[in-house]
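What follows is the residue order along each chain.
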Amino acid sequence: MVIDSAVNRTRLRRIADGSDARWLMVWIAGLLVLWIWDAIFLNAPAFDAVQTSFLNSLATGIMVVVMALFFGWVIGVGLHLLERSEARVLYDIASFAVDILRSVPQIIVVLIGYVLLTLLLHEGTIRSTAGQLVWIAFAIAVAVSLEVSDTVRERINHFRTLDFVDAMLSCGISETRIVNVEILWKNSRSHLLYKLIAIFGMSVFLQCSIDFIVSVGLSTDVSLMNFPVTLGSLLANVDSKQDILAISNLFTDPGYISVILVRHLQGISVAFCIVFTLLCVYMIANGFVRRHRLV
Amino acid sequence: MSNLWDVLTGNSESLSSKLLLHAASLVVVACMFGVIVFVVETRRAEQRENDSNIQKYLSLHDVDFGDPVDRSIFRESLGVFLPNQSERNDSLLLAIDDLRQRQFSDPAYKSGSQLQGLTLEKIGEIVGMYVQFLGVYLVVLVVLFVSAERIGLYMFVKTKQHRASYLSQFVEGARQLRYRGKLEKRWIVARRLSLLLLKALGKGAVLAILFSPAYVIAYAVRTSFDTSTLVFMAFLGVVSNGVLIQTANRFFTLLVAESHKGYVQTAVVKGLSDSYEWDTPRGIPRSALFNVRRGIRSHVFQHIFLNARFQFIPALKEYASFLVTGLIIIEMALNIQGHLCYELLQQILYRQYDVACFIVFGIFFTVKATEVGVDIWHEREKKRYGY
Amino acid sequence: MSDLRYDIHIASDERELVAIQDFRLAESSITVLFGESGIGKSLSALAIAGLLDRDQLDIRLNGREYRDYLRSVELADLRKNGFFVFQEPSSHLNPLMTLRSQLREGALTKVSDEEGIVRRLWRHSPSSHVNEILSVYPKPYRPSGGEKQRILAAMAFKKMSTTPASAKGALFIFDEPTGNLDNQLRDEFLDLLVENFRSRHCTVLLITHDYSMISRFTTSYADLAHKIYYKELGLERGRLQLREFLPSAYLGWVKAQKAHALAERGESTLMKLQPNVRIFGRALKVTRHPAGRKPEPLSMAKGSLVYLKAPSGVGKTTLVKIMMGLLQAEELSMVLEGVEYTQRTLRQVWSTHVWGRQMAMVFQHADEALNQNARVKDVFAGLPLKTPMNEAAITRTLSQLFDDELDREFLRKPVKYLSGGQKQRLNLLRSMVLDTDILILDEPLNGLDFQSSVKVLANVEDKLRRGKSVLVISHNEEIFDALTMPEDVYYLHEIT
């Protein structure tokens, strides 16, 4: 019976039935198919480069998510506690500074981060690939963490308009517990997770874009000679660009698709990785919103 | 006094407090950049003076500082003419080496633009590029807003029609194909299924384009189209980087949220239609996508659209920053000379940080001006509704 | 007369929400439906009216899929000739349309007697005020809950006045239509309802928690006794049942309360609030008389039950929040257990000394006051008790207001899966367990059925006997007038 089937579905089944889980599987399957195809048709050095660049970009994306969550939580909760404290002036200054940062385009913040990275490389403060990736993740996290802090504040303010906060305060429950445990941990995990999924997508986009730009435009001193290879920098590679340029042959010769998928594989693979990941992340985020009824 | 502080810090909800806050942000950032420019200019002036002092030594015809013997003789000569100053003499030699190194490797020296910084001529050049950037940005902003609204509306109506996606319909149809009796019927169904598959693939291709970073699209079509035109830039600004789909999705989300609210139920109970079928007496005419207010009467959608749009206007502020990011990526990645963001990249390369700051301030000003415009627009809308 | 009969099944992704067979409404009658909040009264009514969202719920009505019911002739008739007044007026008015234009939309466009209906519902306000209200937009003006509820009621009465007598599908559903109205306005609403009912012979379903309506119907409309049915939706042996509710059960209980005076009250004053309070630029004053000019301090002695009254929207909840230090007033003078509290008292002081220690408050909406995603036992975590409560202690506390619902799994149940009545009881217990000297109750009987209300009042009585003091805000005037000593009734006024 319809009612029984709806009620008896297990939690795992409900997750698997959601379109976010389906798109996650589509993403993994798509990358797996690409990996197999490249293993067969791409030469070994290029294959290694594509693999490494993907893993570096993925690692950076994950680090961005973790850092953005931390920064966003601290900024959001910090601003709230300042607002409620007697130190009103401090709150006003902090929120003014945050508003200014919000108006700076994210790419500029990340670009400044890269410029600082080159200085750190020159001075020898950062030497390893891992260290560079951590710094890149830090720069991107600074640019995007305001999205998380906005979500944190929005959730806190939502509950403040209800009797939720006052009811607990009047029972003597501490405000720190109310904000961190009752509001954010118990009632906002889905909202934060959704935001983090979107941030992962943003991080991939920003990282690929800035690596592409820096590879192209800053080719001497401030360069990516020593930077770890990522999807964006690999796409900016001459060979990859040639591969992408070859796509326009399809307008005059649609049969050229068979050549593109075999001969121009490095650039096509990298472009596919980027576009496919961004599309899947968007679909996963949308599915997540629907499954958790965040709207 | 406390009221003035509230206005200055944006604790008051009035338009004047918001505008004051924006103005204060511009002033603070201008001051910050002013300080950076001042520091850079001061250092540059010091450097210029030092370099001109050292250049005298480099101009000595008989001394080749690349030759170790000449260097040694020069060092000894310094010791003779300036005795008891060995540290200073060593520093001088290091400074000469440093200048030689910079003249050899520093792009600012190599390009001939060394140490010029933020001159009036440079400012004029950048202002011209900025006006061009602003023109493209405004076109993209307006097209983006209008397109996102229409696409969001379309997505909302399709959702309310509860139809399965093209792919789901194809899969379902393919399953049933083998149960169709005669060959002719199978052929009709197969034709329909092919159309569905084409639509699904087409939708996938469109989504792929909308999510592609601008440089991927630009390089993919570069040999067939001129990708350095302003029109193409504006096209990329709207279509690529996921901006259009994200903005449309935002409006769609607002429409869905509003459709769940209580006043929609009240409207239904008062007899307004809640059917979303296309072009039916109680449904939605397709023409209404282009003019909601006039196109639909006695339908709950009027209520939903009004409220969603009211909330969509302030959301534009978030997308301004994202849109500018997209345009920066386009200009930088496509290496379009004579454009503002490519110039920014070059100035960072040449370590002309004062010029770079000036450009960044211009970009910041663009975002702020958009925020001011949106606040004024939202305020006007609020006044219409008695706020 | 035949009955309207429905079998209703509603389920979400996670659980079954309503499963009731034989939900009956007598045609051309008034059915007053009681029941604990969250038991399924509103959901069932919304399902019948075709107003539930089939995207989010699995619904079957009389064995049919909901989408088939939505296309049925039966529903079309109901929509044409019936109406639905929603429970929560704030979200049921479009914030971007004036109240007047919303009153004249759709099927309500051509109704001649709009002015008459509106004047009846705003009988005690000058006509200039009424015109002003109708010209506003709901969002920025923020009409009170009572004003919004009257607008929705006016829409229903407009529709009623145009419905042909004995029309097919003329089902008018009123879901908590008087929750925000004081007794005077509630009586006005009932008068209008009965007048329209007499002339239209429509079917009325009136969902309410206000048991005192029984007194009103019994005394003022005794001739309609054969046309008014009292029913209660409740759980019986784990199944949802619609059963008869005997008006005598309530009337007898209230009569018994009148005869029963409450415990000895002490002379020692726990709290004294000076009568003039100012907040958000508004000045409020406390008096002992409904039209009193003379402000008097509000005193709470040991063992006293204090009843604070005022028309809807004046600021009763605001005042008690100020007394709790949850809102910072512009002018306040209060002495609590010998210590003075004013508008300059720091938040830190309230937090350290007052909240959950000397005073506690129960808020009226349990859905907002409790963390819906917490488990039942987590509701008691973080309270400033000498020793944190273990499961045994929590079970003992819960047994005061929960009987056969308490099983092993109850403590681990998420709060969102409790019924509204269960949530309200949990909401009350969380504050009561703190055993503060002063307890403030804002609409404590909200969402409770009759049996639960009796238990809660017994608990309150126990507190008073032990020397605690309780301040109550409630629209259940009939009940609390009976329980409160006349000298402990206060009135709140706004000074204009």
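Worth saying up front: this structure is predicted, and the values here are computed from it rather than measured.

Rules behind the numbers
- Starting from 1, residues in each chain are numbered consecutively following that chain's sequence as written.
- Naming scheme: in the order in which they are written, chains are lettered from A and ligands are numbered from 1.
- Only residues with pLDDT of at least 70 get local features here, since the model is predicted, and only at 80 or more are side-chain atom pairs given and counted; chain-wide, interface and lining totals rely on the full set of residues.
- Secondary structure counts use DSSP, requiring at least four H or I residues in a row for a helix and at least two E residues in a row for a strand, with both numbered from the N terminus.
- Between the two quantities, the radius of gyration covers C-alpha atoms and the globule rule is 2.2 Å times the number of residues to the power 0.38.
- Neighbour density around each residue's C-beta defines its exposure: 20 or more other C-beta atoms within 10 Å make it buried, 12 or fewer make it exposed, and counts between make it partly exposed, where C-beta atoms are placed from the backbone.
- Nonpolar cores are identified as sets of buried Ala, Val, Leu, Ile, Met, Phe, Trp, Tyr and Cys residues joined via C-beta atoms within 7 Å.
- We call two residues in contact if the C-beta atoms placed from their backbones are at most 7 Å apart.
- To get an axis, fit a line to the C-alpha atoms, keeping to the stretch in contact for a helix; angles then go from 0 to 180 degrees between the N-to-C directions.
- Each helix crossing is assigned a hand: it is left-handed if the near helix lies turned anticlockwise from the far helix by less than a right angle, otherwise right-handed if that turn is clockwise.
- Asp, Glu, Lys and Arg are counted as charged, while Ala, Val, Leu, Ile, Met, Phe, Trp, Tyr, Cys and Pro are counted as nonpolar; the rest, among them Gly, fall into the polar class.
- Whether two strands pair comes down to DSSP finding at least two bridges between them.
- Angular relationships are summarised with four words: roughly parallel below 35 degrees, roughly antiparallel beyond 145, roughly perpendicular across 65 to 115, and oblique for the angles in between.
- Domain boundaries shown here were taken from an automatic or database domain assignment.

## Digging into the overall build of chain B
- The secondary structure content of chain B amounts to 16 helices and zero strands.
- In terms of C-alpha radius of gyration, chain B reaches 32 Å, well past the compact-globule figure of 21 Å for 387 residues.
- Referenced to the eigenvectors of the C-alpha coordinate spread, the extents of chain B come out at roughly 110 × 70 × 30 Å.
- Counting across all 387 residues of chain B, residues that qualify as buried make up 32%.

## Digging into the overall build of chain A
- Helix and strand counts for chain A come out as 14 helices and zero strands.
- Each helix (α) and strand (β) of chain A, taken in turn from the N terminus, gives the series α-α-α-α-α-α-α-α-α-α-α-α-α-α.
- Principal axes of the C-alpha set define a box for chain A whose edges measure 70 × 65 × 35 Å.
- For chain A, the proportion of its 295 residues judged to be buried stands at 42%.

## Description of the nonpolar core
- In terms of nonpolar packing, the biggest core is built from 291 residues, with Ile140 and Ile199 of chain A together with Ala156 of chain C touching the most fellow members.
- With 17 residues, helix α14 (residues 300–333) of chain B is the single largest residue contributor to this core.
- Once you skip the residues sitting within four places of it in the chain, Ile140 of chain A turns out to touch Val64, Val110, Ser203, Leu206 and Gln207 of chain A.

## Focus: the packing of helix α3 (residues 68–81) of chain B against helix α4 (residues 86–105) of chain B
Residue and element names in this part refer to chain B.
- Where α3 contacts α4, the two axes come as close as 10 Å, and the packing angle between them is 145 degrees. Handedness of the crossing formed by α3 with α4: right-handed. Contacts between α3 and α4 pair Arg75, Leu78 and Gly79 from the former with Ser86, Asn89, Leu92 and Leu93 from the latter.
- Among the residues making up the contact of α3 with α4, the classes are represented as three nonpolar, three polar and one charged.

## Structural notes on the interface of chain A and chain C
- Chain A puts 21 residues into the contact, and the matching count from chain C is 29 residues.
- Sorting the residues of the side of chain A that touches chain C by element identifies α1 (2–8), α8 (164–170) and α9 (175–187) of chain A as the ones contributing at least two each.
- Its residues assigned to classes, the side of chain A that touches chain C shows ten nonpolar, four polar and seven charged.

## As for the sheet that holds strand β8 (residues 203–207) of chain C
Residues and elements named next belong to chain C.
- If you walk across this open sheet you meet the six strands as β6-β7-β8-β3-β9-β10, and the pairing is mixed. Every other strand in the sheet has two partners, leaving β6 (83–85) and β10 (239–244) as the edge strands with one partner each. Taken pair by pair, the neighbouring strands of this sheet meet at an average axis angle of 20 degrees, ignoring direction.
- Alignment of strand β9 (residues 228–236) against β10, held across six bridges, turns out to be antiparallel. From the neighbouring strand, Glu236 faces β10, where its bridge partner is Arg239.
- Across the sheet, helix α1 (residues 41–48) is in contact with β3 (30–35), β7 (171–175), β8 and β9; its angle to β8 comes to roughly 150 degrees.

## Focus on the packing of helix α2 (residues 15–58) of chain B against helix α16 (residues 353–384) of chain B
Residue and element names in this part refer to chain B.
- Remark: α2 packs on α16, axes separated minimally by 10 Å, with the N-to-C direction vectors making an angle of 180 degrees. The angle between α2 and α16 falls in the class roughly antiparallel.
- A breakdown of the residues in the contact of α2 with α16 according to their chemical character gives 16 nonpolar, two polar and seven charged.

## Considerations on the domain arrangement of chain B
- According to the domain assignment, chain B contains domain 1 (2–110) and domain 2 (120–162 + 210–350).
- With centres defined by C-alpha atoms, the gap from domain 1 of chain B to domain 2 of chain B works out at 44 Å.

## A word on the sheet that holds strand β12 (residues 276–279) of chain C
Residues and elements named next belong to chain C.
- Spatially, β12-β13-β21-β15-β20-β19-β18 is the arrangement adopted by the seven strands of the open sheet, whose pairing is mixed. With partners counted over all chains shown, the strands left at the sheet margins are β12 and β18 (359–362), one partner each. This sheet shows a mean twist of 20 degrees between the axes of neighbouring strands, independent of strand direction.
- Pairing of β18 with strand β19 (residues 438–442) involves four bridges; the strand directions are parallel.

## Concerning the pairing of β3 of chain C
All names here are of chain C.
- Where burial is concerned, most of β3 is hidden: six out of the six residues are buried.
- Here β3 shows two buried faces, one formed by Ile30, Val32 and Phe34 and the other by Thr31, Leu33 and Gly35.
- Both β3 and β8 contribute to a ladder of four bridges, which runs parallel. Residue Thr31 lies in a different strand from β8, and its bridge partner there is Leu205.

## Comments concerning the interface of chain A and chain B
- At the interface, 34 residues of chain A touch 39 residues of chain B.
- Among the elements of the structure, α5 (88–103), α6 (106–123), α10 (189–217), α12 (238–245) and α14 (265–291) of chain A are those that each provide at least two residues to the side of chain A that touches chain B.

## Description of the pairing of strand β20 (residues 469–473) of chain C
- Counting buried positions along β20 of chain C gives five out of five residues, so the element sits mostly inside the fold.
- Of the two faces of β20 of chain C, both are covered, the one formed by Ser469, Leu471 and Ile473 of chain C as well as the one formed by Val470 and Val472 of chain C.

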